[in-house]
Amino acid sequence: MTPILETQELCYTYGVETPFEKKAVQNVSIKIEQGDFIGVIGHTGSGKSTLIQMLNGLIRPTSGKVLLAGKDIWEEPKKIRAVRFRVGMVFQYPEDQLFEETVLKDIQFGPRNMKLTENEIEQRARDAAKFVGLPDELLDKSPFELSGGEKRRVAIAGVIAMDPDVLILDEPTAGLDPAGRDVLLSEIVSYHKIRGNTVLLVSHSMEDVARVADRVLVMNASHMQMFDHTAEVFAHDKELESIGLQVPQVTKIMAELKSRGYPVETCLTVEQAVAQLLPLIKKGGDRV
Amino acid sequence: MTRDIALGQYFPGKSPVHRLDPRVKLVLTIAFIVYIFVANNFWGLGFLALVTLGIMVVSSVPVKMYFKSMKGILFIVLFTSVLNLFYGSGKVLVQIGFMQITDDGIRNAIFIAVRIVCLILFSSILTFTTSPTELTDAMERLMSPLKVLHVKVHEISMMMTIALRFVPTLLEETDKIMAAQKARGADMESGGLMQRIKSLIPVLIPLFVSSFRRAYELAMAMECRCYHGGEGRTKMKVLHMEAMDYAVLVFGGAVLVVILLLNHFVPAVI
């Protein structure tokens with residue numbers, strides 16, 4: 001099957017031919033299959049943001065190609081908007097983009113730009129609001145009256161309402177309280193499960209990525225460092241640490257136990273670790 | 001897109017021009033702009049161009065930067081000189097319909113072009129070598145006599161400092177919001193004038209909202225540090241006139257004398 005998103009030797013350089021020339025992304029070639037949930041991690045300035053903005057045609061690669069369902073998105077530059085509807089993008093602190101009089105109208109902005117029928121626009125906006133857990137009574141309020149977490153939800157709903165094949169979220173949980181983060185993350189996961197579309201989640205939280213992602217893309221100094229199944233990637237704890245990234249604490253503990261000879265496997269979540277450790281403790285925990 | 005603005009950008013350095021007292025630089029820049037219009041012949045203007053080039057070399061700002069600052073106003077230079085081409089009397093060289101190009105016209109066109117280029121280059125030297133803070137500080141000091149007339153000099157210069165400080169921040173913010181709205185399918189590149197103005201609303205409203213938020217936060221931060229205006233406020237960097245600064249002022253005076261002499265002895269172009 002053709003991958004939903006594919007990049008070939010993707011490169012981007014800021015300020016070409018100026019003293020401020022900077023290579024932000026170099027030779028990234030990845031294949032993302034339909035239905036994947038991908039975590040994107042990397043140090044600040046590693047090129048994550050530039051990379052994801054190329055995936056929905058917000059910036060045009062200096063060289064290389066982005067293929068959406070096998071078709072080069074820049075084949076017809078005039079139709080780039082159609083690509084942006086299919087690859088939805090939620091920026092960091094997306095609440096800064098709200099502008100309409102009511103929450104509902106703001107969520108409708110995307111679908112309206114798609115020139116759908118009025119019924120469909122309404123339907124999609126309400127569905128999207130439900131997905132992110134916005135109660136109906138908020139929909140007629142001004143987005144500026146809402147709390148930070150609610151605004152964030154409205155902004156994410158605004159992108160989900162376009163029903164994109166690929167949803168890219170750049171640090172969707174940044175600046176939220178722990179409870180808000182967990183709720184939002186599980187909403188994204190359930191959205192992914194129900195719609196069966198592809199999700200890319202950029203995050204600084206290794207715990208979050210480990211918990212939800214099937215595969216992880218690691219960016220380092222404008223290059224792609226790794227792109228593999230989550231467990232594989234987090235098994236390379238030394239390599240990740242050398243590029244300034246952490247593995248989840250629980251993964252680290254389990255790796256340490258393993259290196260000391262206990263019969264345990266790489267773990268990504270606390271639940272997995274508990275499942276492995278409890279029988280060991282009951283047995284008395286002999287080293288192998 | 002919004003990042004390629006070279007005009008009015010500070011270019012840090014340690015050249016003699018950078019180290020000059022900003023007040024001297026400000027006064028001399030204003031003086032030179034006047035000189036450029038006082039000079040009425042090619043000798044005088046050529047002399048000023050030479051002085052400008054000399055200062056550009058001393059400023060050790062890459063020539064590329066100066067070229068970049070020229071790029072934006074190239075159109076104005078071309079437009080005014082082409083317009084001037086068709087003015088003027090004298091020997092007719094080319095006749096296009098009712099319009100004619102005369103040798104006077106050509107001379108005028110070149111003269112005006114050199115004038116504008118000198119003007120831009122000289123003000124670029126000021127902004128490239130003086131940080132916005134220094135510049136507003138200099139303005140505050142130069143305007144301080146106006147305090148007698150109850151002009152709020154400190155407040156004005158503080159407002160200018162803040163405004164300048166937030167230009168890059170706002171540009172960045174605009175870029176970000178535009179990208180976010182484009183990602184939701186906002187169409188900002190096509191359509192007629194009305195359509196385009198309408199398409200700016202999704203960018204302008206968030207921009208206003210965030211500007212107000214920033215202003216509020218800044219005011220709060222200033223209050224927290226007990227800021228209460230210029231009364232009794234001391235400076236961390238007090239401006240001092242050094243020997244070099246006086247020398248430069250004298251040099252500025254000398255240039256004027258040369259221009260006036262040249263005006264007197266050489267026939268005027270304009």
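Quick notes on the rules
Residues numbered from 1 in each chain as written. Chains lettered and ligands numbered in written order. Predicted model: local features only at pLDDT ≥ 70, side-chain atom pairs only at ≥ 80, totals over all residues. Heavy atoms only, no water. Core = buried A, V, L, I, M, F, W, Y, C linked by side-chain atoms within 4.5 Å. Buried < 20%, exposed > 50% of the residue type's maximum accessible area, 1.4 Å probe, protein only. Helix = DSSP H or I, 4+ residues; strand = E, 2+ residues; numbered from the N terminus. Contact = heavy atoms within 4.5 Å. Phe/Tyr/Trp six-rings, centres within 6.5 Å; stacked < 30°, edge-to-face > 60°. Lys NZ or Arg CZ within 6 Å of the ring centre and 35° of its normal. Buried area = accessible area lost by both parts, 1.4 Å probe. Expected span 1.5 Å × (residues − 1). Bend = angle between axes of the 7 residues up to and from the residue. Domains from an automatic or database assignment. Salt bridge = Lys/Arg side-chain N within 4 Å of Asp/Glu carboxyl O. Polar contact = N/O pair within 3.5 Å; in protein donor to acceptor, adjacent residues only side chain to side chain. Nonpolar A, V, L, I, M, F, W, Y, C, P; charged D, E, K, R; others polar.

Chemist: Is there a simple way to explain the nonpolar core in this structure?
Modeler: Where a protein is soluble and globular, its nonpolar side chains tend to be buried together. All names here are of chain A. Within the largest apolar cluster, 50 residues are counted, with the highest numbers of intra-cluster contacts made by Ile107, Val218 and Phe234. By residue number, the principal contributor to this core is helix α5 (residues 148–160), which donates six residues. Not counting residues within four places of it along the chain, the set of residues in contact with Phe234 comprises Ile41, Met206, Val209, Ala210, Val216, Leu240, Gln246, Val247, Pro248, Thr251 and Leu268. Ranked by size, the runner-up nonpolar core spans 35 residues in total, among them Ile30, Leu58, Val66 and Trp74.

Chemist: Explain the packing of aromatic side chains to me, please; I cannot follow it from the model alone.
Modeler: Within a pair of aromatic rings, the relevant descriptors are the distance that separates the centres and the angle that separates the planes. What the rule picks out here adds up to eight aromatic pairs over all chains. A centroid spacing of 4.9 Å and a plane angle of 80° characterise the contact between Tyr12(A) and Tyr14(A), whose relative ring orientation is edge-to-face. Judged by relative accessible area, which is 15%, Tyr12(A) ranks as buried. Classification of Tyr14(A) as partly exposed rests on a relative accessible area of 32%. Aromatic ring contacts, followed pair by pair, group Phe32(B), Tyr35(B) and Phe122(B) into a single cluster. Its end group placed over the ring of Phe166(B), Arg165(B) keeps NZ or CZ at 4.9 Å from the ring centre.

Chemist: Even after reading the chapter, I still don't get the interface of chain A and chain B, so can you show me in this structure?
Modeler: The parts lose accessible area when they come together, and the size of an interface is often stated as this lost area. Contacts between the two partners involve 22 residues from chain A, matched on the other side by 19 residues from chain B. Taken together, the two surfaces of chain A and chain B that pack against each other cover about 1800 Å², and 60% of this comes from carbon and sulfur. Of all the elements in the fold, those that place two or more residues in the side of chain A that touches chain B are α2 (80–86), α3 (103–113) and α5 of chain A. Top element by residues in the side of chain A that touches chain B is α3(A). It accounts for four residues.

Chemist: I'm lost on helix α11 (residues 270–283) of chain A in this one. Help?
Modeler: Residue pairs spaced three or four apart in an α-helix point in one direction, given the helix's 3.6 residues per turn. The terminal C-alpha atoms of α11(A) lie 20 Å apart, and with 14 residues this matches the ideal 20 Å at 1.5 Å per residue to within 8%. Of all the bends found along α11(A), the most pronounced is centred on Leu277(A) and spans about 25°, while Pro279(A), a proline, follows it within four residues.

Chemist: Looking at this structure, how should I read helix α9 (residues 193–224) of chain B?
Modeler: A rise of 1.5 Å per residue sets the reference length of α9(B), with its 32 residues, at 46 Å; its end C-alpha atoms lie 45 Å apart and thus fit the reference within 8%. In the structure, α9(B) departs most strongly from a straight axis at Pro202(B), where the bend amounts to approximately 35°. Residues of α9(B) that are buried in the fold lie against α3 of chain A together with α8 (153–183) of chain B. Cys226(B), located one to two residues past α9(B), shows a positive phi value of around 60°.

Chemist: In this structure, what is going on with the domain arrangement of chain B? I would like to understand it.
Modeler: We note that the domain assignment places domain 1 (16–130 + 240–265) and domain 2 (156–224) within chain B. Of note, the centres of domain 1 of chain B and domain 2 of chain B, computed from C-alpha atoms alone, are 35 Å apart.

Chemist: What am I meant to see in the domain arrangement of chain A here?
Modeler: All names here are of chain A. Taken as a whole, chain A is organised into domain 1 (5–247) and domain 2 (248–283). Put simply, the middle of domain 1 and the middle of domain 2, counted by C-alpha atoms, are 32 Å apart. Taken residue by residue, the interface counts 12 residues in domain 1 and eight residues in domain 2. In total, domain 1 and domain 2 occlude about 770 Å² of area from one another, counting both sides; carbon and sulfur atoms represent 69% of this. Between the two partners, domain 1 and domain 2, sit one salt bridge. The partner of Lys252 in a salt bridge is Glu241, and the shortest N-O contact between them spans 3.8 Å. Scanning the region where domain 1 abuts domain 2 turns up two residue pairs in polar contact (both at pLDDT 80 or more). Elements that contribute at least two residues to the side of domain 1 that touches domain 2 include exactly α7 (206–212), α8 (230–235) and α9 (237–242). The residue makeup of the side of domain 1 that touches domain 2, split by class, is six nonpolar, two polar and four charged.

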